[in-house]
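The lines below spell out each chain.
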Amino acid sequence: ESESSQPNYYLAIVTLKHFDAYSLEDVNGTTRHNFNAIISPYMFEDTYFPAFEKSIVEGGAKGVMCSYNAVNGVPSCCNDFLLNQTLRQTWGFKGYVTSDSGAIRNIWSNHKYTPDEAGAVIDALEAGCDINSGNGKSSMGGSWGTGSPYQETVPTVVKNGT
């Protein structure tokens, strides 16, 4: 993060990846796209959280990329425990969360967590994922308009990106 001549803008931002419990590529047909990491509270505190927490709390990182995998049954990019409760509430994270490329689509296509693409987008937005790096709104048609389920979420997403 650098100071610029315009204090409302950053010259560069560090984006931490891949949040969290992302350590599997391909084992007997289980890949990072459909893996569900079962992580105990102890393992979060001992192994998975310390580097992210230090980078956010002490280092001031402004970007986090959620991973393809699920954690304890919930895909990382729609995981309220990871994105809202841990990042934003516990650690005071003030930046943006972006998905890995295609991770929003994985919520429904590989993890089968939601019945369709629109549900995956809604769950990701509500959990605190601000940016979809990849596809994931093409089947939603005009549902972004007035009265849609996104109307209350969009102002928060825009604010997180500033």
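Structure shown above.
This paragraph deals with the environment of Ala 120. Structurally, the position occupied by Ala 120 is in helix 5 (residues 117-127). On the accessibility criterion, Ala 120 (0% relative accessible area) is buried. Taking C-alpha positions, Ala 120 is 6.0 Å from Trp 108, a pair spaced 12 residues apart along the chain. Excluding residues that lie within four positions of it along the chain, Ala 120 makes contacts with Ile 104, Ile 107, Trp 108 and Thr 114.

Turning next to the sheet that holds strand 5 (residues 63-66). Two modes of strand pairing occur in sheets, parallel and antiparallel, and in both the strands are linked by backbone hydrogen bonds. The sheet built from three strands is open, its strands ordered 1-5-8 with parallel pairing. In this open sheet, the two edge strands, each paired with only one partner strand, are strand 1 (15-19) and strand 8 (96-99). For this sheet, the mean inter-axis angle between neighbouring strands, taken without regard to orientation, is 25°. The pairing of strand 1 with strand 5 spans four bridges and is parallel. The partner of Lys 17 across the bridge, within strand 5, is Met 65.

Take the sheet that holds strand 4 (residues 36-37) next. Taken in spatial order, the three strands make up an open sheet running 4-6-7, and their pairing is mixed. A single partner strand is all that each edge strand has here, and the edge strands are strand 4 and strand 7 (74-75). Direction of pairing for strand 4 relative to strand 6 (residues 70-71): parallel, over a ladder of two bridges. The residue bridging Ala 37 from the neighbouring strand is Val 71, located in strand 6.

Rules used in this analysis
Residues numbered from 1 in each chain as written. Predicted model: local features only at pLDDT ≥ 70, side-chain atom pairs only at ≥ 80, totals over all residues. Heavy atoms only, no water. Helix = DSSP H or I, 4+ residues; strand = E, 2+ residues; numbered from the N terminus. Buried < 20%, exposed > 50% of the residue type's maximum accessible area, 1.4 Å probe, protein only. Contact = heavy atoms within 4.5 Å. Pairing = 2+ DSSP bridges. Axes fitted to C-alpha atoms, helices over the stretch in contact; angles between N-to-C directions.

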